[in-house]
Structure formats: C-alpha cells, structure tokens
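# Report on the structure
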Amino acid sequence: MTAQDWAPLADLFAARLPEFDAVVALPGAETLGEQVAQMRGVPLLHAGTRALSGPQGASAVQGEALLLTPQLGSGDAELAALQQARDQGLNVTVLGTAVERTSLGGRQRLTQLGVTVRAALQLADTPEGLNLERRTPDRWLTSA
C-alpha cells in the first residue's frame, strides 16, 4: 500500500490511541508507523529479526510503546517484536493492526500479556470464507 492508502488509518490511530513514547513497526507497517510517529512526535523503531532498529539514539528510548502490524493472525511476529521492545526497555501497551484474523488467536495471546489490541477491521474464518467478525466486535472505533 502507498503512504496515501495508509493515511486514514494513521490519522485514526494517532487520534484515538492512548499516549505512547515510541512506535514499533513490524515489516509491512513501516509506512503506517512513520505516519503515526510523525503525527505524535515520537521516534519510530523497526522490528527486525534480532533487535529493534531506528534513528541514532533510538536505543535509548524507553517508556510506553505502540506496536503496529499490518495483519494480526496467530501473533507470532508480534510476540517476537514485543520481546524485542521489552529487551530495549519499552513496555508495549497497545497493538494497532489494519486487519485482525480473529479465528487465529493472536488477540488472546497478546491480551494475556497485558497488551490492548485495536483493529481497524476484524475478519473471521468461516466455512464460506472470510467474513466480517460479528461474534465479538471491537467497538473502540465508535466510542468517544
């Protein structure tokens, strides 16, 4: 997706998510992460295969962090990034995702660790294919 495609979601996340001191972006969410970090005036860190990376001095960033992922499935990549953030002294309190595949269990794994999950779109695997999630919709987008 282009930066223009991510802009509405970046606006929403920047406006509606609680305070944080850094943004950690997983692969595929770099552009979204850049936009949210810029809007909030916080550093952007990239989750890698071994450690977080970012601008010079980013390794000294501590406090609360927002973790961004393009799609939340089983949560494996997100759990690895969460551990990288913790190793650097960051506390990931919120995960933002464009799409959540609710049937794959990622939300449950992350919430057990105290991370709040905010999804722009929730999809459920059904016998007919992917459908909008109706069982336990995430209503955060409509609340004040």
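Attention here is on the structure that accompanies the text. (Residues numbered from 1 in each chain as written. Predicted model: local features only at pLDDT ≥ 70, side-chain atom pairs only at ≥ 80, totals over all residues. Heavy atoms only, no water.)

### A short note on the overall build of the protein
The following threshold applies: Working definition: helices are DSSP H or I runs of at least four residues, strands are E runs of at least two. Numbering for both runs from the N terminus. Whether a residue is buried, partly exposed or exposed follows from its accessible area with a 1.4 Å probe, protein chains only, as a fraction of its type maximum: under 20%, in between, or over 50%, in that order.
Within the protein, the secondary structure is distributed over 4 helices and 6 strands. For the protein, the N- to C-terminal ordering of α and β elements is α-β-α-β-β-α-β-α-β-β. Residue burial in the protein is summarised as follows: out of 144 residues, 44% are buried.

### Focus: the environment of Thr49
Within the fold, Thr49 resides in the loop between strand S2 (44-46) and strand S3 (63-72). Note on Thr49: relative accessible area 82%, which makes it exposed. With 35 residues separating them in the primary sequence, Thr49 and Gln84 have C-alpha atoms 9.3 Å apart.

### Section: the pattern of salt bridges
Pairing between side chains of opposite charge can happen when their charged atoms approach one another. Our working rule: In what follows, salt bridge is the name for a side-chain nitrogen of Lys or Arg lying within 4 Å of a carboxyl oxygen of Asp or Glu.
For the coordinates displayed, the defined rule picks out 3 salt bridges. Among the ionic pairs, Glu100 bridges to Arg107, the shortest N-O distance being 2.7 Å. Between Asp125 and Arg101 there is a salt bridge, with the nearest N and O atoms lying 2.7 Å from each other. Pair noted here: Asp125 is in strand S5 (residues 116-126) and Arg101 is in strand S4 (residues 90-101), with a separation of 24 residues, a long-range link.

### Thoughts on helix H2 (residues 30-40)
Put simply, the test is: Two residues qualify as a contact provided that any one of their heavy atoms is within 4.5 Å of a heavy atom in the partner residue.
Residues Leu32, Gly33, Gln35, Val36 and Ala37 constitute the buried set of H2. In the core, the buried residues of H2 are packed alongside helix H1 (3-16), strand S1 (22-25), S2 and S3. Once H2 finishes, Gly41 follows within two positions and takes phi at roughly 70 degrees, a positive value.

### What to know about the sheet that holds S3
What counts is decided by this rule: The pairing criterion is simple: DSSP has to find at least two bridges between the two strands. Interaxial angle, 0 to 180 degrees, is taken between N-to-C directions of lines fitted to C-alpha atoms, where a helix line uses only the stretch in contact.
Reading across from one edge, S2-S1-S3-S4-S5-S6 is the order of the 6 strands in this open sheet, with mixed pairing throughout. On the outer flanks of this sheet lie S2 and strand S6 (129-132), each paired with one strand and no other. Here the strands of the sheet are splayed against their neighbours by 30 degrees on average, with no regard to which way each runs. Strand direction decides the pairing type here: S5 and S6, joined by 4 bridges, are antiparallel. Paired with Ala124 across the strands is Asn131, a residue of S6.

### Section: helix H3 (residues 76-87)
Cut-off, in case you're wondering: Expected helix span is taken as 1.5 Å per residue step, with the number of steps being one fewer than the number of residues.
With 12 residues, H3 extends 17 Å between its outermost C-alpha atoms, agreeing within 8% with the 16 Å of an ideal straight helix rising 1.5 Å per residue. Listed as buried for H3 are Glu78, Leu79, Ala81, Leu82, Gln84 and Ala85. The inward-facing, buried residues of H3 abut S3, S4 and helix H4 (106-111). At the C-terminal side of H3, Gly89 shows a positive phi close to 100 degrees.

As far as function goes, none of this settles anything; it's purely spatial.
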